[in-house]
Amino acid sequence: MKYRNPVIPGFHPDPSFCRVGEDYYLVTSSFEYFPGVPVYHSRDLVHWEQIGHALTRDSQLPLQNVGRSRGIYAPTIRYHNGRFYIITTNVDSIGNFIVTADHPAGPWSEPVLVDQPGIDPSLFFDDDGKVYYTGTHHDSSGVQGIGLFEIDPNTGARREETRIVWYGTGWKCPEAPHLYKINGLYYLMIAEGGTEYGHMVTIARASSPYGPYEACPGNPILTHASNRMRGSAIAGTGHADLLQAHDGSWWMVFLAFRPTEQYFHHLGRETFLCPVRWENGWPVVNDGRPVRLEMDAPCLPFAPVPAPQGRELFSAGFSPQWNWLRNPARERYEISAEGLTLTGADVTIDMDKNPTWVGRRQEQFAVECRTLLQPLALPAGGRAGLTVFYDGEHHYDLALTDGRLQLRLRVGDICHIAFETPWEGACELEVRAERMKYEFFYGAPGKAKQFAGSAITRHVSTEATRLGFTGVYLALFAEKGARALFPWFECAQREE
């Protein structure tokens, strides 16, 4: 049976999943975006539907003034005795913490803090009742490895000191650990090589969670870093999680990205799926072959999820796919029968703050997105419109301002007005995305669109930014006192 990778496209990195009967739940990192930690449900591991977020309250997720690609890193989701646990890291405030829920759609608890530095925390519930924490840890010489200690997951209290149990196989950045017990042995799976083109998954096993760990002779068990993968449609494979499905088959989810040209990618690190089999007590990923965009593997019976609606009416509120930049000032977002009214503050989308901005991930290279903007107030210097947004220094904006329509391109410290024309009244704004470029169009409601200009995807790519871990969003915004009504938004995949 064939299925398509990525199974969750667009900016969805660091996937972790768990099984409850015949239901599967998955979470990914969210960094500076709010709400945090999107939660997905599936019945077949291929088709995933977002059912909410784990961190939906400011008290759970303080993101004020956090930098780009900061905030929430690498959650792990686990299920034990009728309770769901997510452990993750807010790298700018409370550090490592645990939230719990009776159902993964929420509501989730307030954070329970874990007094342990490092990132990529994970929980393992052993069959003797003990629970172990694993995460990155540095020894007395400053060398990074994988730290482990017994923990009370309900209070976050450690029950012993942290000890490093494995340094990995020698590549940089040993991280993203997950501990499993399979056929009486403990398996510690990690990522190495850094979340770039050299990313990989390695694994070791021991008779005790404390080791000593024996590395798999076939390590890395997953990587696209070799020369034979140069030019592959999938790169940067790593940060994986592993489970056994209800039919007895084994599967792995992991992050990777789809390059556009050379070393550039702009959709972010995405969630991929591949089968696993066991041989001589070790996992063999996809029969040792590279992972493909189109996979041919025995699958669970397909259970498709509802297709996303083409046109979303804001009068019905926000669907779970929408995010805000950091904690939103909620009074700037008004939902009414007419749609969504945005009110801009002095904070602009160029700043690492909380502008009036609401967006959704770009999930495919070829998409077509449009909205209707009805200006209510455009004071001097005010803007409202549609943006292709990577971060505050890399975004392309089609917006109304001061009686004009502008296409404004921000790339690093360069801000260029690529197109400008007089405009009064309502305007439909449209962006047509391709693998290598964006094209921008505008027009009066119901009239033919006019071409405003284009911009290349390379300048909103991860490799063009400062330590970027996210991906492109398609967002609506308002600045500097501008007020604008957006009745609807629609986004559809195009033929590539």
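For the structure itself, consult the block above.
Residues numbered from 1 in each chain as written. Predicted model: local features only at pLDDT ≥ 70, side-chain atom pairs only at ≥ 80, totals over all residues. Heavy atoms only, no water.

Peer 1: Report on the pairing of strand 22 (residues 270–279), specifying residues and quantitative values.
Peer 2: Strand residues, when the strand is regular, have side chains that alternate between the two faces of the sheet. Most of strand 22 sits inside the fold, with seven of its ten residues counted as buried. Judged from the seven bridges that link them, strand 21 (residues 250–257) and strand 22 form a sheet pairing that is antiparallel. From the neighbouring strand, Trp251 faces strand 22, where its bridge partner is Pro275. Strand direction decides the pairing type here: strand 22 and strand 23 (residues 282–285), joined by four bridges, are antiparallel. Its bridge partner being in strand 23, Trp278 is matched across the sheet by Pro283. (Buried < 20%, exposed > 50% of the residue type's maximum accessible area, 1.4 Å probe, protein only. Helix = DSSP H or I, 4+ residues; strand = E, 2+ residues; numbered from the N terminus. Pairing = 2+ DSSP bridges.)

Peer 1: Help me get a handle on the pairing of strand 13 (residues 144–150), residues and values and all.
Peer 2: Buried residues dominate strand 13, accounting for six of its seven residues. Linking strand 12 (residues 131–138) to strand 13, which pair antiparallel, is a turn of five residues; within it Gly142 sits at a positive phi near 85°.

Peer 1: Explain unusual backbone geometry residue by residue, including any values.
Peer 2: The omega torsion across Gly106 and Pro107 is 5°, close enough to zero to call that bond cis. Positionally, Pro107 belongs in the loop between strand 9 (95–101) and strand 10 (112–113). That bond from Asn219 to Pro220 is cis: its omega, -5°, falls within 30 degrees of zero. Assignment of secondary structure puts Pro220 in the loop between strand 18 (214–215) and strand 19 (222–223). Although it is not a glycine, Asp120 adopts a positive phi angle of roughly 60°. Turning to its location among the elements, Asp120 is positioned in the loop between strand 10 and strand 11 (122–125). Its identity is not glycine, yet Asn286 carries a phi of approximately 50°, on the positive side. For Asn286, the location among the structural elements is in the loop between strand 23 and strand 24 (294–296). For Asn286, a relative accessible area of 5% corresponds to the buried category.

Peer 1: Describe in detail the sheet that holds strand 22, supporting the description with residues and values.
Peer 2: The strands making up a sheet are joined through hydrogen bonds of the backbone, oriented either antiparallel or parallel. Taken in spatial order, the four strands of this open sheet run 20-21-22-23, and their pairing is antiparallel. Unpaired on one side and paired on the other, strand 20 (235–244) and strand 23 mark the two borders of the sheet. Each strand axis lies, on average, 35° off the axis of its neighbour in the sheet, ignoring direction. (Axes fitted to C-alpha atoms, helices over the stretch in contact; angles between N-to-C directions.)

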